[in-house]
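An overview of the molecular structure
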Amino acid sequence: MSMSSKGRPTSPVAANSNEHETVSGNKGLMQAENLIFEIGTPRRTGVDFEPAKDVRSRLGGMERTSEIGLPGLTEPQTLRHYVRLSQKNYAIDLGVYPLGSCTMKHNPRLNEKVARMPGFGDVHPLQPQSTVQGALELIDELAHWICTLTGMPAVAMTPKAGAHGEWCGMAAIRAKLDADGQTHKRRVLVPESAHGTNPATAAQCGFSIDEIPASGDGRVNLAALKEKLGDDVAGIMLTNPNTCGLFERDIIEIAELIHSVGGYFYCDGANFNALVGRVRPGDLGIDAMHLNLHKTFSTPHGGGGPGAGPTVLSDALKDHAPLPFVIKDGEKYRLVEHSNGEGADSFGRMCAFHGQMGMFTRALTYMMSHGSDGLRQATEDAVLNANYIQSSLSDVMTPAFGGVCMHEALFDDRFLENTGVTTLDFAKAMIDEGYHPMTMYFPLVVHGAMLVEPTESESKQELDRFISAMRGLAVRAKNKETAFFQTAPVHAPMRRLDETQAARKPVLRWTEAVAASE
Amino acid sequence: MRYLPLNENDRAEMLAKVGVDSIDDLFVDVPKAAVLDDLIDLPRYQSEAAVERYMNRLQAKNMSAGAAPFFCGAGAYKHHIPSSVDHLIQRSEFLTAYTPYQPEISQGTLQTLFEFQTQVAMLTGMEVANASMYDGSTACAEAVVMATRVARGKKMKAVLASGLHPHYAAATQTVAQYLGIELAHNAAVPGNDANAIDQIDEQTACIVVQSPNLFGEIVDLEPYAEAAHAAGALLIAVFNEPVAFGAIKSPGEQGADIVVGEGQGIGVGLNFGGPHVGLFACRQKLIRQMPGRICGETVDAKGERGFVLTLSTREQHIRREKATSNICTNSGLCCLAFTIHMTLLGEAGLRQMAAINHANACTLADKLSAIEGVELVNETFFNEFTLRLSKDADQVVEALAAKGILGGVPVSRLTGDQKDLLLVTATEVVTDEDIEAYVASLTDLMS
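Residues numbered from 1 in each chain as written. Chains lettered and ligands numbered in written order. Predicted model: local features only at pLDDT ≥ 70, side-chain atom pairs only at ≥ 80, totals over all residues. Heavy atoms only, no water.

Comments concerning the pattern of salt bridges
The line we're drawing: When a carboxyl oxygen of Asp or Glu is within 4 Å of a side-chain nitrogen of Lys or Arg, the pair counts as a salt bridge. Each helix is a run of DSSP H or I of at least 4 residues and each strand a run of E of at least 2, with the numbering of both proceeding from the N terminus. Note on exposure labels: buried denotes an accessible area under 20% of the residue type's maximum, exposed denotes more than 50%, and partly exposed covers the range between, all computed with a 1.4 Å probe on protein chains only.
Scanning the model with the defined rule gives 50 salt bridges over all chains in all. Of the charged contacts, one joins Glu52(B) and Lys113(A) as a salt bridge, the two residues approaching to 2.9 Å between their closest N and O atoms. In this pair, Glu52(B) sits in helix H2 (residues 48–59) while Lys113(A) sits in helix H3 (residues 109–115), so the two residues belong to two different chains. By relative accessible area, Glu52(B) is classed as buried at 18%. For Lys113(A), a relative accessible area of 46% gives the class partly exposed. Asp395(A) is paired through a salt bridge with Arg471(A); the nearest N and O atoms lie 2.8 Å apart. With Asp395(A) in the loop between helix H10 (357–393) and strand S10 (398–399) and Arg471(A) in helix H12 (residues 460–478), this residue pair connects regions lying 76 residues apart in the sequence. When its relative accessible area of 54% is taken as the criterion, Asp395(A) is described as exposed. Residue Arg471(A) is classed as partly exposed on the basis of its relative accessible area of 29%.

Below, the structure is given as structure tokens:
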């Protein structure tokens with residue numbers, strides 16, 4: 001999930017610099033830290049090696065002769081550098097991280113321990129299959145949990161992230177249509193509230209995109225959808241619960257409508273964490289859906305990945321699943337890796353090797369720790385926490401839609417009208433209060449959107465503190481304390497950054513020339 | 001349940017605040033037919049100790065690389081990763097942060113991405129790099145699509161030279177098939193692929209050449225660059241093993257326009273094939289067609305240097321169906337591991353590590369090829385080479401595994417044919433004892 005830069009300022013106003021300045025540039029625990037290129041040298045190293053054996057070179061005259069320029073640091077210097085940098089990051093382990101649609105839930109440390117067990121972390125993907133039966137069994141077991149939780153007959157395990165899973169699902173639809181000679185079906189319906197990956201994915205599978213408007217209650221406009229139906233419709237891509245945090249009430253009818261014109265239903269599973277254990281997508285008539293193991297099943301986001309996007313497929317699509325896949329023969333597991341025989345109908349291979357094993361181990365550990373009862377409770381707590389926030393703020397902020405929400409609460413910026421404070425300002429003020437801002441300016445269907453997803457990992461005490469801070473900010477905004485908001489954050493490691501300059505004059509790497517000019 | 005902070009009192013108070021009687025009232029929008037009343041038929045919650053015990057039993061069924069003399073490569077390489085790398089990437093502030101969309105409280109991730117991009121650009125000899133792709137194979141596919149964008153869709157052919165890793169070729173084919181990109185792909189066979197140059201024509205957007213290639217052969221990229229550029233096409237250089245560039249010329253020095261490959265060899269474990277980290281670098285003039293996230297330098301409101309994600313108008317959240325790629329989440333934490341390991345190595349360490357890899361591979365190649373029925377195919381190599389065996393390589397590898405040796409990757413595992421070819425790798429983790437054990441066992445098996 002991303003933060004849109006549409007509809008918000010991307011350059012800060014200059015800050016006055018009459019605050020208390022230190023001599024060193026450090027601010028107590030917050031240490032100033034240069035780039036490794038400014039503190040290391042190519043001859044310094046933090047790794048000791050034995051001397052290399054003296055051999056006749058087989059490099060065929062292709063030896064590197066030029067200097068690479070890579071700086072090195074000893075181990076203590078390296079620790080300092082990256083620990084100092086780490087302290088400039090916000091993190092789930094530090095506080096509430098309510099990024100809507102991103103599902104920043106607790107990352108259990110048992111999962112990290114399991115992923116590093118040598119039999120999982122230190123096995124090669126192309127070892128003889130007889131030496132990796134435990135790894136294949138784990139993939140098969142995770143697939144069983146995923147199929148059971150979603151109520152779907154099959155799952156493709158190799159997609160490496162959510163968008164990769166979307167591609168997998170849409171490619172399976174494309175392959176099925178092609179196999180059936182339905183080559184005229186090339187139009188995909190996408191609601192305007194969809195995450196940007198949906199239209200991008202459909203386009204990369206060779207489909208054209210047709211947007212469906214939202215209705216006044218934040219859901220798909222069913223009448224508009226019916227008008228868009230036609231023989232050339234390949235399918236629909238619909239997020240459920242949608243990006244407004246609302247369950248699509250008409251989803252079963254939508255599935256039937258799409259199927260009635262011979263199309264397929266892709267459900268974006270980014271928000272499956274609102275449904276686990278209470279609703280099986282397979283009962284809603286979907287044909288394909290990716291799961292973000294890094295959202296719903298708590299593999300760490302790691303500052304932007306890695307993720308994993310296993311994609312469940314209906315009976316109609318499952319024969320077109322990507323290579324490779326695991327098959328259980330009696331007590332043995334084996335991989336189908338080639339596009340002949342059992343893999344003949346596959347649309348192809350999506351990546352090298354067998355998917356994100358390191359994420360599979362973590363996700364299965366998470367699932368087994370929770371069990372079917374704990375997973376259902378997690379879902380219920382996530383939905384309850386979001387509704388508690390919505391109810392507790394509805395008198396001072398403006399929920400975008402009425403009624404209860406699912407796992408995330410969506411506010412618009414009506415409560416900021418005539419205050420001179422924007423959604424961006426409000427978000428930056430949250431940083432000073434010790435919170436990571438919510439997702440903002442997304443979904444695009446709501447003006448100045450603020451999408452708050454607390455997840456089940458927050459205690460009531462944390463939520464009450466968060467709510468108290470949000471209420472305080474809303475009061476200050478209503479009091480038109482615009483300077484307080486426009487200068488925020490002032491307590492973060494940095495003041496607002498100039499994104500316009502970054503894009504206009506891109507400096508994407510360190511160079512000596514750039515360094516010298518500064 | 002140890003991960004869920006709410007208790008029954010909390011839940012009751014919160015439901016009252018929301019104004020509903022029960023949790024079911026929050027699921028009112030779900031069609032009645034789809035509401036599950038009962039628990040799904042899966043095991044109930046378990047203690048940490050119980051789950052750990054189960055996982056321990058499962059992992060013990062696998063033969064881990066560190067427990068055996070180990071010689072596998074073919075796109076994933078076992079190197080020694082300094083302990084401090086894994087310690088640092090498990091710091092909460094890195095591990096449990098999201099994509100750095102709020103730069104004021106994400107400078108830790110952003111500065112390391114800027115360092116990562118610079119290191120990748122230096123290593124590949126390119127001007128700029130992005131903040132990573134999923135892996136080398138998907139980076140390769142994205143590079144081919146990018147080349148057709150650079151050609152404004154007027155050239156829709158890509159030539160894949162024969163030494164390209166078959167998984168990379170397959171991943172590229174999978175993406176290309178729905179975008180109308182025609183691939184001229186020569187099946188993987190040992191030896192340089194001069195034929196690929198003849199396949200470049202005026203419809204060609206790019207030629208894709210891997211070096212060291214699947215068989216370990218080091219390919220001189222310059223003739224490919226010249227031929228591509230003469231036809232107005234781009235040279236996409238591919239690699240599987242980043243450590244190689246500690247010993248051999250970078251693709252940038254040989255005229256490549258885009259360089260993509262697998263970064264796993266620096267900082268990232270084998271992980272049974274994932275997560276790994278795709279590296280993606282190119283010439284400055286091509287950056288607006290580059291896929292993926294990019295971090296850039298800027299200043300804050302006080303004029304201090306800082307970093308932000310930039311050039312987002314290429315990306316799906318702004319451009320939607322016109323985006324350069326649909327990629328969103330990438331390999332963030334693996335980038336961090338790469339960067340920390342590379343910082344510990346520095347140029348001196350990387351070169352020394354590469355020298356040891358090469359020396360160990362030379363030693364191993366000489367000893368193995370002296371065995372009756374074993375022939376070294378390569379003229380050149382870095383840390384991986386190809387053997388031609390007088391027996392089925394797959395059966396030989398299985399027999400070696402039975403003796404506790406992970407002896408390499410049969411080419412047939414990747415291509416389905418060429419059953420006599422075996423890919424063998426020796427990195428710095430290989431000891432003299434490992435080499436002696438391999439030589440003794442293979443001698444036995446071949447006799």
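Moving on, there is more to tell.
Some points on the environment of Ala354(B)
All names here are of chain B. Which entries qualify depends on this criterion: By the convention used here, residues are in contact when the closest approach between their heavy atoms is within 4.5 Å.
Within the secondary structure, Ala-354 is located in helix H11 (residues 332–369). The class for Ala-354 is buried, based on a relative accessible area of 0%. On a C-alpha basis, the gap between Ala-354 and Ala-244 in space is 6.3 Å, while along the polypeptide they are 110 residues apart. Aside from chain neighbours lying at most four places away, what touches Ala-354 is Val-243, Gly-246, Ala-247 and Phe-382.

Details of the side chain of Ser331(B)
We apply this condition: Each polar contact in these results corresponds to two N or O atoms within 3.5 Å; when the atoms are within protein, one needs to be able to donate a hydrogen and the other to accept it, and residues that are neighboring in sequence are counted only if both atoms are side-chain atoms.
Inspection of the secondary structure puts Ser331(B) in the loop between helix H10 (316–319) and H11. From its side chain, Ser331(B) meets the backbone oxygen of Met133(B) in a polar contact 2.9 Å long. Excluding residues within four positions of it along the chain, Ser331(B) makes contact with Gly304(A), Gly305(A), Pro306(A), Ser132(B), Met133(B), Tyr134(B), His276(B) and Val277(B).

Looking at helix H5 (residues 107–124) of chain B
Counted only if it meets this: Helix span, as expected, comes to 1.5 Å for every residue beyond the first.
Here H5(B) is 18 residues long and its end C-alpha atoms lie 25 Å apart, about the 26 Å a rise of 1.5 Å per residue gives. Once H5(B) ends, the next one or two residues include Gly125(B), with phi positive near 75°.

Comments concerning the sheet that holds strand S12 (residues 439–440) of chain A
Residue and element names in this part refer to chain A. Going by this rule: A pair of strands is treated as paired once DSSP finds two or more bridges between them.
One open sheet holds the 4 strands; their spatial order is S10-S11-S13-S12, and the pairing between them is antiparallel. Each edge of the sheet is formed by a strand with only one pairing partner; in this case those strands are S10 and S12. Sheet topology note: the S12/strand S13 (residues 450–452) ladder contains 2 bridges and is antiparallel. Note on S13: the bridge partner recorded for Met-440 is Met-450.

Description of the interface of chain B and chain A
Rules: Accessible area, probed at 1.4 Å, shrinks when two parts are joined; the buried area is that loss added up over both.
Counting residues at the interface gives 204 residues for chain B, matched by 221 residues for chain A. Both sides together, the interface formed by chain B and chain A hides about 18,400 Å², and carbon and sulfur atoms give 62% of it. Counting across the chain B and chain A interface gives 17 salt bridges. Among the salt bridges present, the one from Arg320(B) reaches Glu211(A), with a minimum N-O distance of 3.9 Å.

Observations regarding the state of the cysteines
Worth spelling out the cut-off: For this text, the term disulfide refers to a pair of cysteine sulfurs within 2.5 Å.
Following the criterion strictly, the structure yields 0 disulfides over all chains and no others. Considering cysteine sulfurs only, Cys168(A) is the nearest to Cys351(A), which forms no disulfide, with 9.9 Å between them. Cys140(B) takes part in no disulfide bond, and the closest cysteine sulfur, belonging to Cys206(B), lies 8.6 Å away.

So, the domain arrangement of chain A
Residue and element names in this part refer to chain A. This is how the line gets drawn: For each domain, the first and last residues come from an automatic or database assignment.
If you check the domain split of chain A, you get domain 1 (111–366) and domain 2 (378–502). Of note, the centres of domain 1 and domain 2, computed from C-alpha atoms alone, are 31 Å apart. Summing the contributions of domain 1 and of domain 2, the shared interface buries around 1,500 Å²; its carbon and sulfur component is 62%. Joining domain 1 to domain 2, the criterion identifies 1 salt bridge. Taking the shortest distance from any N to any O, the salt bridge between Arg-278 and Glu-380 comes out at 2.7 Å. Joining domain 1 to domain 2, the criterion identifies 6 residue pairs in polar contact (both at pLDDT 80 or more).

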